[in-house]
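Structure at a glance
The chain contents come next:
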Amino acid sequence: MRAMILEAPGEPLRAAEVSIPEPGPEQILIRIHACAVCRTDLHVVDGELPDPKLPLIPGHQIVGAVASFGSCADRFVTGARVGVPWLGYTDNSCRYCLTGRENLCDDARFTGYQIDGGYAEYAVADHRFCFPIPEGCPDLQAAPLLCAGLIGYRSLRMAGDAERLGLYGFGAAAHIIAQVASYQGRKVFAFTSPGDEEARRFALEVGASWAGDSTQLPPEELDAAIIFAPVGALVPAALKAVAKGGVVVCAGIHMSDIPSFPYEILWGERSICSVANLTRRDGEEFPALAPKVPVHTETASFALEEANEALNTLRSGEIRGAAVLVVG
Ligand SMILES: [Zn+2]
Ligand SMILES: [Zn+2]
């Protein structure tokens, strides 16, 4: 099969022919239709996340059809459309798994990081961590929901019932969550890189009621802010924008260092938290909610062999919405 392979962090992916993987007892073999590109892929490729499997096939927002299955993998039939997310395996026995927090599992393994992912024609995945893709949801629309959507949704839950919600970094996740938050009756304030007019227009089109530079204060205080950009300096900026009791949610898996800041901007029962990974419960709740909104994902398509170009557009912030590799 064709695959894009990371041989060493910091190097571009290499197009290669490799053998189709064999599904283990709990695995399904998936013929991949599309795989969305996530900022986490960029962190893996750039070496910002430690100890990836090498060589590695990145990609953890996979949509495809079941081609075959292992002896115990009985959740799906051949031909069923499935989605494969970031969370690829948990031990189901540690204190986190046993208390409904499998996203924090000590022995979790992640797709496109410790397990080969979706920048290829086929992938194997543990059937217990795959989701059915609803009929009527096209491959290209569904793929970005599997991480940008799920992690964004988990971050939104962490924001509680905030009426005035700030979104810092307006990419794949924010454009989905702006739609969900508007549907829920919240008022969305979008913060983009200074001078990025295109991102501001985009934010207003998908439901934000205000869009401005991340260096600006919004016209009203916020009840919560979600930071999707991997920029630590946005944490004190967002703290200054939230009202007393407000929460700043850091949604990324990696962020540059947070600069020191005066205690008074945290005072007043403001809080800062991070969002780590996803649970299978998120993977059931969000796809049920998305069609009610309905969420429309804005995508830019790339061929499998254009994976490096797709990552570069994400790195430079040129992308509008989500980049998706269309495989077959
Ligand atoms: Zn566990
Ligand atoms: Zn992701």
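As the structure is a computational prediction, the values presented were derived from the model and not from experiment.

To continue, consider helix H7 (residues 280-289). Taken as a whole, H7 has its buried residues at Asp282, Gly283, Phe286 and Leu289. In a view along the axis of H7, the buried residues occupy a sector of 140°, so they form one face of it. Every exposed residue of H7 that faces more than 90 degrees away from the buried side is listed here: Arg281 and Glu284. Looking at the buried positions of H7, the neighbouring elements they touch are strand E9 (131-132), helix H3 (148-158) and helix H4 (172-183).

Glancing now at the coordination of the zinc ion (ligand 1). The protein atoms donating to the zinc ion (ligand 1) are Asp91 (OD), Cys94 (SG), Cys97 (SG) and Cys105 (SG), with metal-donor distances spanning 2.0 to 2.3 Å. Mapped onto the sequence, the residues coordinating the zinc ion (ligand 1) show the spacing D-x2-C-x2-C-x7-C. The pair cysteine 97 / cysteine 105 is uniform in exposure class, with both members buried.

Take the packing of H3 against H4 next. Where H3 meets H4, the closest approach of the two axes is 8 Å, and the angle between their N-to-C directions is 55°. Put simply, H3 runs oblique to H4. In the crossing of H3 with H4, the sense of the turn from one axis to the other is right-handed. Residues Ala148, Gly149, Gly152, Tyr153 and Leu156 of H3 form the contact with H4, whose participating residues are Ala172, Ala173, Ile176, Ile177, Val180 and Ala181.

Turning our attention to unusual backbone geometry. Cis rather than trans, the peptide bond between leucine 54 and proline 55 has omega equal to -15°. Structurally, the position occupied by proline 55 is in the loop between helix H1 (39-45) and strand E4 (62-69). Here valine 293 and proline 294 are connected by a cis peptide whose omega angle stands at -20°. The topology assignment puts proline 294 in the loop between H7 and strand E16 (299-303). Positive phi is not limited to glycine here, since glutamate 269 has a value of about 60°. Looking at where glutamate 269 falls in the secondary structure, it is placed in the loop between strand E14 (242-250) and strand E15 (271-274).

Scanning the model with the defined rule gives eight aromatic pairs in all. With 5.8 Å between their ring centres and 10° between their planes, tryptophan 86 and tyrosine 113 make a pair best called stacked. One end of the pair, tryptophan 86, is in the loop between strand E5 (81-84) and strand E6 (87-89); the other, tyrosine 113, is in the loop between strand E7 (109-110) and strand E8 (122-126), and 27 residues separate them in sequence. There is no split in this pair, since tryptophan 86 and tyrosine 113 are both buried. Seen in terms of ring centroids, phenylalanine 170 and phenylalanine 202 are 6.0 Å apart; in terms of plane orientation they differ by 90°. Their pairing is edge-to-face. Taken together, the positions of phenylalanine 170 in the loop between strand E10 (164-168) and H4 and phenylalanine 202 in helix H5 (residues 197-205) put the pair 32 residues apart, joining distant regions of the chain. Taken as a pair, phenylalanine 170 and phenylalanine 202 share a single burial class, namely buried. Here the aromatic residues Tyr168, Phe189, Phe191 and Trp210 are joined through ring pairs into a cluster of three or more. Positioned above the aromatic ring of tyrosine 89 is the side chain of arginine 109, whose terminal nitrogen or guanidinium carbon lies 5.8 Å from the ring centre. Residue placement shows arginine 280 over the ring face of phenylalanine 129; its charged tip is 4.0 Å from the ring centre.

Let us look at the coordination of the zinc ion (ligand 2). Bound to the zinc ion (ligand 2) on the protein side are Cys38 (SG), His60 (NE2) and Cys147 (SG), at distances that span 2.0 to 2.2 Å. According to the relative accessible area criterion, histidine 60 is buried, its value standing at 0%.

Moving on, we come to the nonpolar core. A general tendency of soluble globular proteins is for nonpolar side chains to be buried together. Counting residues in each nonpolar core, the largest one holds 103 residues, and the members touching the most others are Tyr119, Leu167 and Phe170. Dropping the residues within four chain positions of it, phenylalanine 170 is found in contact with His175, Ala178, Ala190, Phe191, Thr192, Ala199, Phe202, Ala203 and Val206. Within the second largest apolar cluster, 17 residues are counted, among which are Phe189, Ala229, Val242 and Ile265.

In total, this model carries 21 salt bridges according to the counting rule given. Arginine 320 is the partner of glutamate 198 in a salt bridge, and the nearest nitrogen-oxygen pair spans 2.9 Å. Of this pair, glutamate 198 sits in helix H5 while arginine 320 sits in the loop between helix H8 (307-316) and strand E17 (322-326), and the two are 122 residues apart along the sequence. The class for arginine 320 is partly exposed, based on a relative accessible area of 25%.

Definitions and cut-offs
- Residues numbered from 1 in each chain as written.
- Chains lettered and ligands numbered in written order.
- Predicted model: local features only at pLDDT ≥ 70, side-chain atom pairs only at ≥ 80, totals over all residues.
- Heavy atoms only, no water.
- Buried < 20%, exposed > 50% of the residue type's maximum accessible area, 1.4 Å probe, protein only.
- Helix = DSSP H or I, 4+ residues; strand = E, 2+ residues; numbered from the N terminus.
- Arc of directions from axis to C-beta.
- Contact = heavy atoms within 4.5 Å.
- Donors = N, O, S within 2.8 Å, 3.2 Å for Na, K, Ca; no water.
- Axes fitted to C-alpha atoms, helices over the stretch in contact; angles between N-to-C directions.
- Parallel < 35°, antiparallel > 145°, perpendicular 65-115°, else oblique.
- Left-handed = near helix turned anticlockwise from the far one by under 90°.
- Phe/Tyr/Trp six-rings, centres within 6.5 Å; stacked < 30°, edge-to-face > 60°.
- Lys NZ or Arg CZ within 6 Å of the ring centre and 35° of its normal.
- Core = buried A, V, L, I, M, F, W, Y, C linked by side-chain atoms within 4.5 Å.
- Salt bridge = Lys/Arg side-chain N within 4 Å of Asp/Glu carboxyl O.

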